[in-house]
Amino acid sequence: MSVAPVDPAAVAAADELPRGPSLGRYLALRAGGSLISLVMVVVVGFFAFRILPGDPAITLTRGRQVSPEEVERLRQELGLDDALPVQFWHYLLDLLRGDLGTSYVYRRPVSELVLEHLGPTLLLTGTAALLSVVLGLWLGQKAAWRRGTWFDKIHTGLALTFWSVPTFWLGLLLLLVFGGGLGWFPTAGMETAGSDASGLAHVLDVAHHLVLPVVTMVAVVYAQYLMVMRASVLEEMHEDYLTTARAKGLREDLVRTRHAVPNALLPTTTLIFLTIGFLVAGAVTVEAVFSWPGLGYLAYQGLNAPDLPLLQGTFVVFSAAVIVMNLVADLVYRLIDPRLKAA
Amino acid sequence: MVRPSSAARLRRRARLREVWSEFASQRSGLVGLVLLLVIVVLALLAPLLVPIERLDVTRVTAPSNAAPSGGHWLGTDPQGRDVLAVLLWGSRASLLVGFAATAVSMVLGTVVGMAAGHFRGLWQGVILRFVDFFLVVPSLMLAIVLSSVLSRGLGTIILAIGVTSWAQTARIVRAQTLTIESRPYIERSIALGAGDVHVLGRHVLPSVMPLVLANTTLAVGSAIIAESTLSFLGLGDPTTFSWGSMLKSALDTGAATAGYWWYVLPPGLAIVVVVLCFTLVGRALESVLNPTLRSR
Amino acid sequence: MSESTHDGPALAWRDVTITYATGVVAVDGVDLVVPRGATIGVAGESGSGKSTLVMAALRLLPRDARLEGTVELDGEDVGAMTFGRLRAVRWTSAAIVFQGAMHSLNPVRTVERQVAEALELHRDEQYPDAAARRARVLELLGLVDLPASTAGAYPHELSGGQKQRVMIALALACDPDVIIADEPTTALDVVVQAQVLRVLSGLVADRGLTLVMISHDLAVLAAVCERIVVMRDGRVVEEGLSREVLTDPQHEHTRELAAAFPVIGDESARYTVGHDRERILPTTAPALAPAERDDPGRDTADSARDRHTQGVGGAVLAVRDLVVDFRSRGRAVRAVDHVSLECAPGEIVALVGQSGSGKTTLARSILGLQRPTSGEVLFEGEPMPRDRAGLRAYRRRIQFVLQDPSASLNPKHTVYEAVAEGLRIHRLEREGVDEAARVAQALEQAELTPTERYATSLPSQLSGGQRQRVVIAGALALEPSYLVADEPVASLDASVRGEILALLLRLRRDLGLGALVITHDLGLAWNVADRVLVMHQGRIVEDGPVEEVLLDPQHDYTRSLLEVVPSRLGSHA
C-alpha cells in the first residue's frame, strides 16, 4: 500500500515555522528597560531623602545632641536651601562625574569609599553565591529525582529550616560558637589586624576570616536554589521527551543528567538571577555581624551614624549593580537557551 | 426549576471540605497550622498571661542577665525583665508586622499584577516598568532607605516591608492573569459581550486568589524575618518589644558576646519556628490549591 | 537487517490486562499477534487503551501500571527481561515514532545529538566515531526527505511536519525490525499529514518493516496499514482487513469512527450524522426552496447562483472587502485579504481552509474580537458597531462556539453559571427575562436534559460532547440570530462529533438558526453545510453549494485539498 504524493507548495504553506523576536530588538528592549530602572533608582535615591515628610537635617541628627547651628550647617552642606529641581540638577551632574558626595563620618568622598569596599563584598558574595548555586542545584535535582525518599525529605526539610532562619541571627550564633566559644575562627574583619603577611600567608589569613561569613550566607541562600531546582526538575519529569530518551534505551541516570537537568536548569537560571537582590540583603546583614569591610558594612555604618551621603551612595551603587547583573543574566539566558536564540 | 444560589453554596461548602481534607492529609502542613494557632492564641492572650507592668524597667526587682531558674524559666534580660515575658509580648509585634506588611504587599501585588496582565498598550508598559523596578531593586536596601527617612514606628516598618515586597506577588499574579486570559473561556466571555470588569472580577480574580492565598502564608514568614532584620539594623520601633528588637538589644548590651545564650537563642528560635510554620502551611496550601504543583 | 533467528511473530500481546493504581483498567484482556512484516493499525478514541497497549511493548508504562499476561517481542517475554537486556532491546528490536509535533524531542538539544545518542548507545562498533555517526545521521535525514542542515537544528526551529519526520528518522536509527507509530500525524495539517504518511509508508514498504500504528482516524490507518484493530474501553471490538473495516464495519463503534470521516460524494452522508443516522433538514429556510431540500443534489447550483444575486437584502451576515493585517515583529502579515461573503438566515455555511489560511482571523473579525484593517462586516444589513456599548449589543445577536469545549468553559463555574453568563453580562433580568427559566430553556434546546441534573455540574464532571452542548446552550440563552462556530468538533472524539453536528442541524430545523462553521475538515462540510467557502492564504478561492464545490472543484487549491482527504489517501495504491 502506498500513499499518494503531495504537492510540496501546499505542504510549505501548511507547515509554517513559528518565528521569534530578533536578538537586536530584544537587546535594545532589555537595555532600555534597565536604563529606565537605573534612572528610577537615581530619582528615588535623591527624592526619598528630601521629599518624604520631615526635614532631612533633623531626621539625620535624630537621637544626637546637636545645636541649632549644627543643623543649619548641615542644611547648607546638603544644599537644602536651594529649590528642589536645582538640588536635583546638582546631584545629577555630580553623579555623572562619579561624585556621590562626601561622607560625614569618614570625611572622604563616598565614591572613594565605595571603590575601597567593593573588593571585599565581591569576594564574600561571589564565593557565597558560587557555593550556594553549586550546592543548591546539585541537591535540588537529586532530591527531585528521588522525591519521597529519605534523601528528599531530609534535604527539603533542612532547606526549609535554613530558609526560615534570619541571616544575622545565624551569623551571631556561628560567631558565638565558632568564634567566641571555640575560637576556631576570627570574629571580625577580613584580615588579622596589624599583620603584614603577604603572599600565600595573606591569602590563607583572608580565607580564614572568610569561612564564617560565607557559611552564614550559603546556609540561607542555597535553600532557595535547592527548592527552585527541585521544582523545575519535577516539572520536567513528566515531559514526553524523557519517555523518548527511555525508549531509546538510556540508563535512568543518563535520562536525568542529559535530558531532564539541562531543561530544568533554564527556568532555574532566571529565578536565580531574579533573587540577586537577596544576596545584597545577605551582604548587608552578614557584613554587619562580622564587621566584614565591604559595601554592606559601609551601608550599615551610614545607617547608624546616620551618614546620608554614604547611605544614598551605597543604595545607588547596590541597586545599579543588581540592575546590571539582571541585564547580564537576561543576555546570558538568551545565549544558553537555544529556543530564545535569534532565528 | 433549578435554584442555583443554594446549589452554589452547597458546592462551595463541599469544595471547602475537600480542600480541608486534602490539606489535612499533609502532615507537615497540619503540624505547622496547629503550632501557628497556639502561637497566635498565646500572643493574643499575652496581656492576660503577663501584665505589662511586669515589663516596666522601673519596677523590676530581679537581677539583670540572670540565668534560667525556677522563677524565670528563660532567665532575665539586661534590664532584669523576664525573658519569657518579653518573648511573649514580642510575638505580638512580630506577628502584627508580619500580617499587616503581607496584607499591604498582597493587595498591591494582586491589583498591580492583574492590571499588568490584563491591560494592553501604554498602560501595560508603564505598569510593567514600575513592577520591574521594584523587582530588581534590592528590597532590603529600599526598606532601609524608607524606614530611615520616615519616623520610627511599627507603621513605618509595616509600610517599608509591604511596599518593597509586593513585586514578586505582582509577577506571579501577572503570569497567572496572562495564563487565564489566554484560555478560550475568556474569549467566549468577551464574545458574549463581557467587559473588563466582568472578565477581571468573574474569571481572573477567582483563579488568582488561591495562588495569592498560598503566597500570603509564605510571605508572612518573609515579613517576620524582614522585621527582625530591620530591627537588628537599628531601624525598629524602640518603644515596642519585638523579637527583632530583643536580638538588637542582646547585641547592643553585649549579651551575645558575654555568652548569655538565654537572651540570644529564644527570640531567634521563635522566629525560625514561626517562619517555618508559615512556610509549611503555605506549601501545603499551594499544593492543595494549585494541583499542577502537587508533585512538589 | 534482522539479527534474530526467531521466526514467530515480531510482536505479540497474549491476554494482556493493564491496570493503573487508580483502579482504571486501561487494557482488558487483549490478544494481538503482529506477524513479521505486517502492517497493523490500532484504532480507537481517547481512553480506549490503545497507547497503553503499545507502550507495554517496550515496558514504557508509568510505574503505577500493573500488567498481567505477556508481551512478546521477537518471541522473548518483555516482562521477564533484565533492565540491561531491556535497554539493549529498546530501539534496536523495536522503536517508537512518538507524536513528534508535541514534546517528544528534547527542546535544548540539536537533532543530530538526539539521533546520534541512539547510535552511541546501541551501534558503537558500527559507527565508532563522531564522523561516522554524523554520516549516518545525514543518511537517515535523507531517508525522510529532510535536508542535511536539519541536523544542526533545535526542535523549535522545525515545523510540525519536519519534527514528525525527525521522529521517524530517529526511530530508524538502529535499524529496528518493528516500528511503533503512536498518533504520528495528529495535530498536523491534512496536507502535511499526507506527506508524513507517504514518507512513513514508503519506508515501511521499502525495508519490509513491521509496523504497528495508532490513530483515532480509520482512514489514516487504512492508507498505511493492511489490517485494522478497533479498540474500545480496553478491548478489541473489531479486527479485519483495512478496506473491509472501513467500507463494511461490523461493530457499532467502528461505524461511529468511520462516520467521522465520510466519503465525500456519498449521498447518504449529507445532512446525516450521529447515532440515529436520521437526515435532518431545515423546515423553514428562506434561502432554500422546499423542493431542493428534499433532494439536495438537484439544481442546488442554480439556486445558489440565484441567492448570490439577491444581495444583502436576504443576508443575515455579510462581509464586504475585509482586510486584516497583523504587525508581527515589524513585518506586516496579511491574514485576511479582501474577503467578501454572505450568509443567509438559517443557512449553514462551511468555511474550509488549512491552518494559517486566515479562517480563524476572519471569524474573530466577524465577532468584533479582531479589528479589521479595512472593509466592513454587516449584520442584518447594519454595519458592525465599533464602540463598546454598540459592540456589546451586537454580541448579543451573533454567538460564538469555540473549538475546545474543555477550555472554553471556566472550570470553576457550574453549567448554570456558564449558561447564565451572557444573560448576566447583558443584565437581561432588567428586561424582565427570568434567568432560571431561560437557562433551563437553553439547556433543553441543547439537549442537556433533565436540566436540573446538569445545571449544578462542573465542566470537569461532563464529557467532551456535553461540554460543547453547554457552550452551545450559553450561546442559545441570548437567542441569537446567527452562530459562528470555530472548529466545533475538532477536539471531540469521533462518536461525539456526530452528536454535536446533529445538534447544529436540529437547531437549524427547529429554531431556524444558521451557522458559519469554520473547519479544516471537508468531510464535515459534506456532512452538514449548504454552502462551502474555501479559504487559502487569506482569500476566498471558491464559493458555492457543497455538491458543486466538493464534487466539481474549479480551483487548483480546492482540488489539492480534496486529494489529501484521508479517505482518499490510500486510493492511489
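Residues numbered from 1 in each chain as written. Chains lettered and ligands numbered in written order. Predicted model: local features only at pLDDT ≥ 70, side-chain atom pairs only at ≥ 80, totals over all residues. Heavy atoms only, no water.

Participant: Can you explain the overall build of chain B? Please cite residues and give values.
Facilitator: Regarding its fold elements, chain B presents 10 helices and 0 strands. When its helices and strands are written in sequence order, chain B yields α-α-α-α-α-α-α-α-α-α. Its C-alpha atoms give chain B principal-axis dimensions of about 75 × 45 × 35 Å. Among the 296 residues that make up chain B, the fraction classed as buried is 53%. Long-range pairs, those at least 24 residues apart, make up 70% of the contacts in chain B with a sequence separation of at least 6. For chain B, the accessible surface area stands at approximately 12,700 Å², while carbon and sulfur atoms represent 68% of it. Of the charged side chains in chain B, 24 are positive and 14 negative; the average position of the first set lies 11 Å away from that of the second. (Helix = DSSP H or I, 4+ residues; strand = E, 2+ residues; numbered from the N terminus. Buried < 20%, exposed > 50% of the residue type's maximum accessible area, 1.4 Å probe, protein only. Contact = heavy atoms within 4.5 Å. Areas by Shrake-Rupley, 256 points an atom, 1.4 Å probe, with all protein chains shown as cover. Lys, Arg positive; Asp, Glu negative; His and termini not counted. Charge placed at Lys NZ, Arg CZ, Asp CG, Glu CD.)

Participant: Summarise the overall build of chain C; cite the residues concerned and give the values.
Facilitator: Each helix and strand in chain C was counted, giving 22 helices and 22 strands. Taken over the C-alpha trace, chain C has a radius of gyration of 26 Å; the compact-globule value for 573 residues is 25 Å, and the two agree within 12%. Taken along the three principal axes of its C-alpha coordinates, chain C extends 75 × 50 × 45 Å. Once local pairs closer than 6 in sequence are excluded, the contacts in chain C between residues at least 24 apart make up 69%. Accessible surface, chain C as shown: approximately 21,600 Å² in total, 48% of it carbon and sulfur. Distance between charge centres in chain C, computed from 61 positive and 80 negative side chains, equals 6 Å. (Rg over C-alpha atoms; globule rule 2.2 N^0.38 Å.)

Participant: Account for the sheet that holds strand 2 (residues 25-34) of chain C, with residues named and values stated.
Facilitator: One key point about sheets: their strands pair by backbone hydrogen bonds, in either a parallel or an antiparallel sense. The sheet built from 4 strands is open, its strands ordered 2-1-4-5 (chain C) with antiparallel pairing. Because the sheet does not close on itself, it has two edges, and the strands there are strand 2 and strand 5 (76-77) of chain C. (Pairing = 2+ DSSP bridges.)

Participant: Requested: an account of the packing of helix 6 (residues 110-145) of chain A against helix 11 (residues 252-274) of chain A, with residues and values cited.
Facilitator: Residue and element names in this part refer to chain A. As a packed pair, helix 6 and helix 11 sit with axes 11 Å apart at the nearest point and diverge in direction by 130°. Looking at the two axes, helix 6 sits oblique to helix 11. Note on packing geometry: the crossing formed by helix 6 with helix 11 is right-handed. Listed contacts from helix 11 to Val133, Leu137, Gln141, Lys142 and Trp145 of helix 6 are Glu252, Val255, Arg256, Ala260, Val261, Leu265, Thr268 and Ile272. Residues belonging to the contact of helix 6 with helix 11 are distributed by class as follows: 8 nonpolar, 2 polar and 3 charged. (Axes fitted to C-alpha atoms, helices over the stretch in contact; angles between N-to-C directions. Parallel < 35°, antiparallel > 145°, perpendicular 65-115°, else oblique. Left-handed = near helix turned anticlockwise from the far one by under 90°. Nonpolar A, V, L, I, M, F, W, Y, C, P; charged D, E, K, R; others polar.)

Participant: Explain unusual backbone geometry residue by residue, including any values.
Facilitator: All names here are of chain C. Residues threonine 449 and proline 450 are joined by a peptide bond in cis, for which omega reads -5°. Relative to the assigned elements, proline 450 resides in the loop between helix 15 (435-445) and helix 16 (451-455). Positioned with a positive phi, aspartate 175 is a non-glycine residue whose angle comes to about 50°. Secondary-structure assignment places aspartate 175 in the loop between helix 5 (160-172) and strand 7 (178-182). Phi is positive for glutamate 447, which is not a glycine, with a value near 65°. Looking at the secondary structure, you find glutamate 447 in the loop between helix 15 and helix 16.

Participant: Explain the packing of aromatic side chains to me, and be specific about the residues and the numbers.
Facilitator: A complete count under the given rule lists 13 aromatic pairs over all chains for this structure. Measuring from centroid to centroid gives 5.3 Å for phenylalanine 130 of chain B and phenylalanine 134 of chain B, while their planes differ by 70°, and the two rings are edge-to-face. Of the two residues, phenylalanine 130 of chain B and phenylalanine 134 of chain B are both situated in helix 4 (residues 122-136); the distance of 4 residues between them amounts to about one turn of the helix. Overall, phenylalanine 130 of chain B belongs to the partly exposed group, its relative accessible area being 40%. The interplanar angle of 80° and the centroid separation of 5.6 Å between the aromatic rings of phenylalanine 379 of chain C and tyrosine 394 of chain C together place this pair among those described as edge-to-face. Of this pair, phenylalanine 379 of chain C sits in strand 16 (residues 374-379) while tyrosine 394 of chain C sits in helix 13 (residues 388-397), and the two are 15 residues apart along the sequence. Note on tyrosine 394 of chain C: relative accessible area 1%, which makes it buried. Put simply, the rings of Phe130, Phe133, Phe134 and Trp166 of chain B touch in pairs and so form one group of aromatic residues. Positioned above the aromatic ring of tryptophan 150 of chain A, the side-chain terminus of lysine 153 of chain A is 5.3 Å from the ring centre. Here the basic side chain of arginine 270 of chain C rests over the ring of tryptophan 526 of chain C, its NZ or CZ set 5.3 Å away from the ring centre. (Phe/Tyr/Trp six-rings, centres within 6.5 Å; stacked < 30°, edge-to-face > 60°. Lys NZ or Arg CZ within 6 Å of the ring centre and 35° of its normal.)

Participant: Quick rundown of the pattern of salt bridges? Include the residues and the values.
Facilitator: Tallying each qualifying case throughout the model produces 47 salt bridges over all chains. Across the pair arginine 364 of chain C and glutamate 187 of chain B runs a salt bridge, and its minimum N-O distance is 2.4 Å. Of this pair, arginine 364 of chain C sits in helix 12 (residues 359-366) while glutamate 187 of chain B sits in helix 7 (residues 184-191), each in a different chain. Residue arginine 364 of chain C is classed as partly exposed on the basis of its relative accessible area of 21%. Arginine 66 of chain C serves as the salt-bridge partner of glutamate 68 of chain C, at 3.7 Å between the closest nitrogen and oxygen. According to the relative accessible area criterion, arginine 66 of chain C is exposed, its value standing at 51%. Residues joined in a network through salt bridges with shared partners are Lys248 and Arg258 of chain A together with Arg109 and Glu117 of chain C. (Salt bridge = Lys/Arg side-chain N within 4 Å of Asp/Glu carboxyl O.)

Participant: Tell me what's going on with the interface of chain B and chain A, and back it up with residues and numbers.
Facilitator: Contacts between the two partners involve 47 residues from chain B, matched on the other side by 51 residues from chain A. Between chain B and chain A, the buried area comes to about 4,300 Å², and carbon and sulfur atoms account for 75% of it. In this structure, the connection of chain B to chain A is made through 0 salt bridges. Residue contributions to the side of chain B that touches chain A peak at 11 residues, all from helix 10 (residues 261-289) of chain B. Along the lines of polarity and charge, the residues of the side of chain B that touches chain A split into 30 nonpolar, 10 polar and 7 charged. (Buried area = accessible area lost by both parts, 1.4 Å probe.)

Participant: I'd like a description of a nonpolar patch on the surface, backed by residues and values.
Facilitator: Residue and element names in this part refer to chain B. Taken together, Val34, Val38, Val41, Leu42, Leu44, Leu45, Leu48 and Leu49 make up a surface patch of nonpolar side chains, about 730 Å² in accessible area. Looking at where leucine 48 falls in the secondary structure, it is placed in helix 2 (residues 27-49). We classify leucine 48 as exposed; its relative accessible area is 69%. (Patch = residues over 30% accessible without salt bridge, like charges linked within 9 Å, V, L, I, M, F, W, Y side chains within 5 Å.)

Participant: Explain the environment of aspartate 330 of chain A to me, and be specific about the residues and the numbers.
Facilitator: Residues and elements named next belong to chain A. Here aspartate 330 shows up in helix 14 (residues 308-336). Among the residues examined, aspartate 330 registers a relative accessible area of 16% and is labelled buried. For the pair aspartate 330 and threonine 270, spaced 60 residues apart in sequence, the C-alpha to C-alpha distance is 7.6 Å. Apart from residues no more than four positions distant in its own chain, aspartate 330 is found in contact with Tyr26 and Arg30. Here arginine 30 takes part through its side chain, which lies 2.7 Å from a polar atom of the side chain of aspartate 330. (Polar contact = N/O pair within 3.5 Å; in protein donor to acceptor, adjacent residues only side chain to side chain.)

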